[in-house]
2 protein chains.
Amino acid sequence: MDKITRTIKAIKPPDKNTVARAQERQDTLTKPPGSLGRLEELSLRLAGIQGKPLPVIKDKGIITIAGDHGVVAEKIGNWPQEVTAQMVDNFLQGGAGINILARQINARITGVDMGVARDLASHPSLLVRKCGYGTKNMCRYPAMTTEQAVQAIETGIDIVTEEATKGLDIVGTGDMGIGNTTPSTAICAVITGKPVAAVTGRGTGLSDAQLEHKIAVIQKAIECNHPDPTQPLDVLAKVGGFEIGGLAGVMLGAAALHIPVVIDGFISGAAALIAASLAPVLKDYLIAAHLSAEPGHRIMLEYLGLEPLLRLEMRLGEGTGAALGIFLAEVAARTLSEMATFTEAQVSEKGEG
Amino acid sequence: MDKITRTIKAIKPPDKNTVARAQERQDTLTKPPGSLGRLEELSLRLAGIQGKPLPVIKDKGIITIAGDHGVVAEKIGNWPQEVTAQMVDNFLQGGAGINILARQINARITGVDMGVARDLASHPSLLVRKCGYGTKNMCRYPAMTTEQAVQAIETGIDIVTEEATKGLDIVGTGDMGIGNTTPSTAICAVITGKPVAAVTGRGTGLSDAQLEHKIAVIQKAIECNHPDPTQPLDVLAKVGGFEIGGLAGVMLGAAALHIPVVIDGFISGAAALIAASLAPVLKDYLIAAHLSAEPGHRIMLEYLGLEPLLRLEMRLGEGTGAALGIFLAEVAARTLSEMATFTEAQVSEKGEG
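Note that the structure is predicted; figures quoted are calculated from it, not measured. (Residues numbered from 1 in each chain as written. Chains lettered and ligands numbered in written order. Predicted model: local features only at pLDDT ≥ 70, side-chain atom pairs only at ≥ 80, totals over all residues. Heavy atoms only, no water.)

Draft legend 1. The overall build of chain A, seen in detail. Regarding its fold elements, chain A presents 15 helices and 6 strands. Each principal axis of the C-alpha atoms in chain A carries an extent, and together these give about 70 × 40 × 40 Å. For chain A, the proportion of its 353 residues judged to be buried stands at 65%. Taking contacts inside chain A between residues at least 6 apart in sequence as the whole, the part at least 24 apart equals 75%. Total accessible area computed for chain A in this model is approximately 12200 Å², and 50% of it derives from carbon and sulfur atoms. Charged side chains of chain A number 33 positive and 38 negative; the gap between the two group centres comes to 1 Å. (Helix = DSSP H or I, 4+ residues; strand = E, 2+ residues; numbered from the N terminus. Buried < 20%, exposed > 50% of the residue type's maximum accessible area, 1.4 Å probe, protein only. Contact = heavy atoms within 4.5 Å. Areas by Shrake-Rupley, 256 points an atom, 1.4 Å probe, with all protein chains shown as cover. Lys, Arg positive; Asp, Glu negative; His and termini not counted. Charge placed at Lys NZ, Arg CZ, Asp CG, Glu CD.)

Draft legend 2. A look at the nonpolar core. Membership of the largest hydrophobic core comes to 262 residues, with the highest contact counts inside it found for Met-251, Leu-282 and Leu-324 of chain A together with Met-251, Leu-282 and Leu-324 of chain B. With residues near it in sequence (within four places) discarded, Leu-282 of chain B still touches Met-251, Leu-252, Ala-255, Ala-275 and Ala-276 of chain B. (Core = buried A, V, L, I, M, F, W, Y, C linked by side-chain atoms within 4.5 Å.)

Draft legend 3. Representation of helix α3 (residues 38-50) of chain A. Counted at 1.5 Å a residue, the expected span for α3 of chain A with its 13 residues is 18 Å, and the 18 Å between its end C-alpha atoms agrees. With 11 of 13 residues buried, α3 of chain A is to be regarded as a mostly interior element. Elements that come into contact with the buried residues of α3 of chain A comprise α2 (16-28), β4 (170-176), β6 (286-288) and α14 (320-338) of chain A together with α14 (320-338) of chain B. Gly-51 of chain A sits one or two positions beyond α3 of chain A and adopts a positive phi of about 70°. (Expected span 1.5 Å × (residues − 1).)

Draft legend 4. Broad picture of the pattern of salt bridges. Considering all chains together, one arrives at 28 salt bridges over all chains under this definition. When the shortest N-O distance is used, the salt bridge between Lys-130 of chain B and Asp-113 of chain B registers 2.6 Å. Taken together, the positions of Lys-130 of chain B in the loop between β3 (126-128) and α6 (146-165) and Asp-113 of chain B in strand β2 (residues 108-115) put the pair 17 residues apart, joining distant regions of the chain. Take Lys-130 of chain B and Asp-113 of chain B: they sit in the same class, and that class is buried. Each of Lys-60, Glu-330, Arg-334 and Glu-338 of chain A together with Arg-103 of chain B takes part in salt bridges that share partners, so that together they form one network. (Salt bridge = Lys/Arg side-chain N within 4 Å of Asp/Glu carboxyl O.)

Draft legend 5. Just the packing of aromatic side chains, in detail. Taken as a whole and assessed by the stated rule, the structure comprises 3 aromatic pairs over all chains. Their ring planes at 25° and their centres at 5.6 Å tell us that Trp-79 of chain A and Phe-342 of chain B sit as a pair that is stacked. Placement of the pair is Trp-79 of chain A in the loop between β1 (60-67) and α4 (82-92) and Phe-342 of chain B in helix α15 (residues 342-345), with the two residues belonging to separate chains. For the pair Phe-327 of chain A and Phe-327 of chain B, a centre-to-centre distance of 3.4 Å together with 0° between the ring planes defines the contact as stacked. One end of the pair, Phe-327 of chain A, is in helix α14; the other, Phe-327 of chain B, is in helix α14, on a second chain. The class of Phe-327 of chain A is buried, set by a relative accessible area of 4%. (Phe/Tyr/Trp six-rings, centres within 6.5 Å; stacked < 30°, edge-to-face > 60°.)

Draft legend 6. Focus on the interface of chain A and chain B. Facing the 58 residues of chain A at the interface are 58 residues of chain B. Here chain A meets chain B over a buried area of about 5000 Å², counting both sides, of which 63% is carbon and sulfur. At the surface where chain A touches chain B, the tally comes to 2 salt bridges. Among the salt bridges present, the one from Arg-103 of chain A reaches Glu-338 of chain B, with a minimum N-O distance of 2.6 Å. Where chain A touches chain B, the interface holds 20 residue pairs in polar contact (both at pLDDT 80 or more). Secondary structure elements with two or more residues in the side of chain A that touches chain B: α3, α4, α5 (97-105), α14 and α15 (342-345) of chain A. By residue number, the principal contributor to the side of chain A that touches chain B is α14 of chain A, which donates 8 residues. Of the residues in the side of chain A that touches chain B, the class split is 25 nonpolar, 19 polar and 14 charged. (Buried area = accessible area lost by both parts, 1.4 Å probe. Polar contact = N/O pair within 3.5 Å; in protein donor to acceptor, adjacent residues only side chain to side chain. Nonpolar A, V, L, I, M, F, W, Y, C, P; charged D, E, K, R; others polar.)

Draft legend 7. Layout of the domain arrangement of chain A. All names here are of chain A. We note that the domain assignment places domain 1 (2-54 + 337-345) and domain 2 (60-332) within chain A. Computed from C-alpha atoms alone, the centre-to-centre distance between domain 1 and domain 2 is 27 Å. Contacts between domain 1 and domain 2 engage 18 residues on the former and 30 residues on the latter. Overall, the association of domain 1 and domain 2 removes approximately 2100 Å² of surface from exposure, summing both partners, and the carbon and sulfur fraction of that is 69%. For the interface between domain 1 and domain 2, the tally reads 1 salt bridge. The residue Asp-158 makes a salt bridge to Lys-3 at a minimum N-O spacing of 2.7 Å. Along the contact surface separating domain 1 from domain 2 lie 9 residue pairs in polar contact (both at pLDDT 80 or more). Among the secondary structure elements, those contributing two or more residues to the side of domain 1 that touches domain 2 are α1 (2-10) and α3. (Domains from an automatic or database assignment.)

Draft legend 8. Quick peek at the side chain of Asn-225 of chain A. Residue and element names in this part refer to chain A. Mapped onto the fold, Asn-225 is located in helix α9 (residues 208-225). At 2.8 Å, the side chain of Asn-225 forms a polar contact with the backbone oxygen of Met-138. Leave out the neighbours within four places in its chain, and Asn-225 touches Met-138, Tyr-141, Pro-142, Lys-238 and Val-239.

Draft legend 9. Region of interest: the relation of the copies chain A and chain B. Rotating chain A by 180° about the axis while translating it 0.0 Å along that axis superimposes it on chain B, leaving an RMSD of 0.0 Å. Here the two chains are linked by the operation of a two-fold rotation axis. Proximity to the rotation axis, assessed at the C-alpha, singles out Leu-310 of chain A in chain A; its C-alpha lies 3.2 Å from the axis. (Least-squares fit on C-alpha atoms with pLDDT ≥ 70 in both.)

Here is the structure:
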């Protein structure tokens, strides 16, 4: 717990002075002011987070954390639990969506097993940091103990801290875990206070009847556990997941090191709700890559005050949306740093109309 | 004119059979069906256009065409005409926004002078294909002759045909030209039939009074010239621009060669209106990169039946939006081609719920 407290204390608001200097440079670049739209805003945010008027996005990382969920016993989805481990294997063989996306943006990926239900064969690209073999079925028990919740977050902090030693200018978050929209939805409902039915989606493709059942399961999990919305660790322990805790830790640890965090979709959004409830200033370090097809995601992002960069109806997870967001962040940083100024280019200044 | 007619005849509808084969493969990839959202749709479109069930996006090009506009004499913007030539110089020195974006996506850029008002110093990266030294002031005269309109389109066809000989799997369109939102707005109003006031925007940043003046100028140009909305060459000649005609030619020429075209913002949209009026089947070859901050752009895209991939409030032109769209197209093609199938990855198929 000390590690979480220390990390939270280390997160300072982004530097306004640096943002002002970045804005000054934006205003001198050879383009009509504001004409790069949201990429300009993004460049200023990156400057403030990194504390550099010319933000640098060179070393890019995606941390994709896998975990299983006992609540799959309630049959809330279409895929059997063993698919989580198979997805991790597919990722380790380079065949998953995130492998292609990460290659495209030249980012390294760190795959982490924080709670897959079985032991995976060891692989040089896999960090094994198990907090358990899947969570418990949250319809009957808390998903994990408070100690496991703390362990999950601290493990996330450790992972990103270790990654930062290799050079890390920006980090994206990703998830793998059959059933993980269910705890994410529960977290969304508890923390934002919205009705479960308003934030529950079809995950990987549920029918109307399956959707009704999923809503009932989430309501039961909340009624059974009574998570306290003002206590993020309690929410994580009772209705969360190991990968969700891990991603919350990654976000906190990155922010403490002035590293911008590009959050992926719905599962990363749930992690962000936990992390930002622990450390409200964290919100200023988060970049929402995209708006997921999951209906609760919009509510999460509104609650966090984040505007997604992309709306491509993606819902794959793994960090695929985050990869696209990292690409846009790199473009934003590079235009700010590399475009010529009016003076350099000897272009006439704007006239009087 | 023969060249335009021949090119239009060569444009065939995308191949439905290939699209079906691409869809079959999408359905076998290791992800929930549809979970890459609009990237999946895009991959199918690319397959159909290229006639390849595994579309290839390797050789990427952006064609950025510059031209000047006599209507700047009516003081419709804030920037003096000489800035067009200076922007081209800045581009040739590598300092423009499009230079950074093209480098980021590993695309080559072809810069073309089709109508800058003065002669530019020769440069290995600049094609000089002048149709004139700026258009005429369309408030008093047709912007160009019909012969020049034909020449502009044919030049665009030639440029993309030449580029294709070097390898070109996808092409983005870009523009440079002080004042070019004014003819683009006129084209939008004439072809879509919308009132000028509904499609006129603030370009590089006009005040309310300047916006009113710009609307009046466009209305005057249309009243003075009476362009025939059913005759795209007439519209181009009377209220168009050389770069707009050139970009229309690029689109037609690319489609004739089964090359997908990623259109940039408002000026490319005007070119697309001209080109798609000449050859309606062209629409199936166009990918709308983004929704520009110019209000008429949404109306153009709706008229063309295109849904933009990005909404980043960009309005820089030069092909900067197109570059981002090409990146997404490459991601779409690569996920379709390179992700593992369920069989390859030995991942369990979706269960019965």
